[in-house]
Amino acid sequence: VRGRVGRLISAVESVVESSIPSRLDEVGVEGPQGWTWNREMLDTAVDRAGIDDEGSAGLDGEPLDIDALVALDPTFTFDNVARRITRRRLWDVVTSMRRMTHQENLDLPWAHRGDPATWIASLAESNGDSSAYFDAWGHPFVMRRTTQPSFLPAVPGWEVASAGPDGTIGTRDDMSAPFVRVLPQASLYAEAVGENALLARLSRVAL
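These figures come from a predicted structure and were not determined experimentally. Counting from 1, residues in each chain are numbered in the order their sequence is written. Confidence filtering applies because this is a predicted model: local features only for residues at pLDDT of at least 70, side-chain atom pairs given and counted only at 80 or more, and all residues used for totals across whole chains, interfaces and linings. Remark: hydrogens and water are excluded; side-chain values derive from all non-hydrogen atoms of the structure.

K.L.:
Could you give an account of the side chain of Ser96, naming the residues involved and the relevant values?
P.N.:
Under the DSSP-based scheme used, a helix requires at least four consecutive residues in state H or I and a strand at least two consecutive residues in state E, with every element numbered from the N terminus. Note on placement: Ser96 falls in helix H4 (residues 78–103). Burial classes: relative accessible area under 20% of the type maximum marks a residue as buried, over 50% as exposed, and values in between as partly exposed (1.4 Å probe, protein chains only). Its relative accessible area of 17% is what places Ser96 among the buried residues.

K.L.:
An account of the pattern of salt bridges is needed here, citing residue identities and associated values.
P.N.:
Opposite charge on two side chains permits them to pair, given that their charged atoms come into close proximity. Whenever Lys or Arg places a side-chain nitrogen within 4 Å of a carboxyl oxygen from Asp or Glu, that contact is recorded as a salt bridge. Evaluated as defined, the whole model comprises nine salt bridges. Ionic pairing is found between Arg87 and Glu195, a salt bridge with its closest N-O pair at 2.9 Å. Placement of Arg87 in helix H4 and of Glu195 in helix H7 (residues 195–202) is noted, with a sequence separation of 108 residues between them. In this structure Arg87 comes out as buried when scored by relative accessible area, which is 4%. Among the residues examined, Glu195 registers a relative accessible area of 0% and is labelled buried. Linking Arg144 and Glu159 is a salt bridge whose minimum nitrogen-to-oxygen distance equals 2.9 Å.

K.L.:
For unusual backbone geometry, give the residues involved together with the corresponding values.
P.N.:
Residues Ile20 and Pro21 are joined by a peptide bond in cis, for which omega reads -5°. Its place among the elements puts Pro21 in the loop between helix H1 (4–18) and strand S1 (28–31).

K.L.:
I'd like a description of the nonpolar core, backed by residues and values.
P.N.:
Grouped together as the largest cluster of nonpolar side chains are 35 residues, with contacts concentrated most on Val12, Val16, Trp37, Met41, Leu42, Phe76 and Phe78. Contributing elements (two or more residues each) for this core: H1, strand S2 (34–37), helix H2 (41–49), helix H3 (66–72), H4 and helix H6 (188–193). Looking at this core element by element, the count peaks at seven residues for H1. The nonpolar core is taken to be a set of buried Ala, Val, Leu, Ile, Met, Phe, Trp, Tyr and Cys residues, with the residues joined through side-chain atoms within 4.5 Å.

K.L.:
Tell me what's going on with the environment of Val12, and back it up with residues and numbers.
P.N.:
Note that Val12 resides in helix H1. Placed 34 residues apart in sequence, Val12 and Val46 show a C-alpha to C-alpha distance of 8.0 Å. Whether two residues are in contact is decided by their heavy atoms: any pair within 4.5 Å suffices. Residues in contact with Val12, not counting those within four places in the same chain, are Trp37, Met41, Leu42, Ala45 and Phe76.

K.L.:
Would you mind going over the packing of H1 against H4 in detail, with residue names and values included?
P.N.:
Only the stretch in contact is used when a helix axis is fitted, and all axes are lines through C-alpha atoms; the angle between N-to-C directions ranges over 0 to 180 degrees. Their axes nearest at 10 Å, the elements H1 and H4 cross at an angle of 65°. Compared by their axis directions, H1 and H4 come out roughly perpendicular. The hand of the H1/H4 crossing is right-handed. Judged by residue contacts, Glu13, Val16 and Glu17 of H1 engage Phe78, Val81, Arg84, Ile85, Arg88 and Arg89 from H4. For this scheme, ten residues count as nonpolar: Ala, Val, Leu, Ile, Met, Phe, Trp, Tyr, Cys and Pro. Four count as charged, namely Asp, Glu, Lys and Arg, and the remainder, Gly too, count as polar. Tallied by class, the residues present in the contact of H1 with H4 amount to four nonpolar, no polar and five charged. Orientation labels follow simple angle bins: below 35 degrees gives roughly parallel, above 145 gives roughly antiparallel, 65 to 115 gives roughly perpendicular, and whatever is left gives oblique. Each crossing is labelled by how the near helix is turned from the far one, with a counterclockwise turn of less than a right angle marking it left-handed and a clockwise turn marking it right-handed.

K.L.:
How would you summarise the side chain of Thr86 if you had to cite specific residues and measurements?
P.N.:
Relative to the helices and strands, Thr86 is located in helix H4. On the accessibility criterion, Thr86 (0% relative accessible area) is buried. Residue contacts for Thr86: discarding those within four places in its chain leaves Asp135, Ala136, Trp137, Phe141, Ser162 and Met175.

K.L.:
For the packing of aromatic side chains, give the residues involved together with the corresponding values.
P.N.:
Given two aromatic rings, their pairing is described by the distance between the two centres and the angle made by the two planes. Geometry of aromatic contacts follows a simple scheme: Phe, Tyr and Trp rings, the Trp one being its six-membered ring, pair when their centres are within 6.5 Å, and the pair is stacked under 30 degrees between planes, edge-to-face over 60, tilted otherwise. Counting across every chain of the model gives five aromatic pairs. Pairing Phe76 with Tyr189 gives two aromatic rings, centres 5.4 Å apart and planes at 80°, and the pair type is edge-to-face. Pair noted here: Phe76 is in the loop between H3 and H4 and Tyr189 is in helix H6, with a separation of 113 residues, a long-range link. Of the residues examined, Phe76 reaches a relative accessible area of 1% and is grouped as buried.

Written out as structure tokens, the structure is:
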């Protein structure tokens, strides 16, 4: 599981991330029932990762494809891959925003300048890599008002959020916490990518 399956799944995650935001149709398809896999994308993932024929085959020697990986574990969905990528990107955006607000003293209520809802776009423009400020469904991260305590708030009363699979801010599939569990603990996918070990480390993060 942590060998060939883990390498294949990590290769898939890498290709999905490299396709954000403008080439997502090469890896996933958005339809009436949500996002599903582009079943041709595994060949690209295998090629880019340099995985040989043996490394991309099951124990019976037959080549693994997206359907075979989903059959091994139904939690291996496009949305779960996207949530794992978005969780990492969310952390990067939150820390970048936190760094900027500290440097500019924008985290002080009396020092606010302009509308915080526009700050992510300004940060992306200043850093010159706008693709890093999109979630894995191709939607730009946003700053939104919140009354809930948020982890590492860039600005009191505001939080960085992803609109999630449906692309609509304010619905149940939004993501705003960078340390949330994405995969069920006992799933093959979680074992293959070390999800449980990752969350154990994140729970001990000290800032």
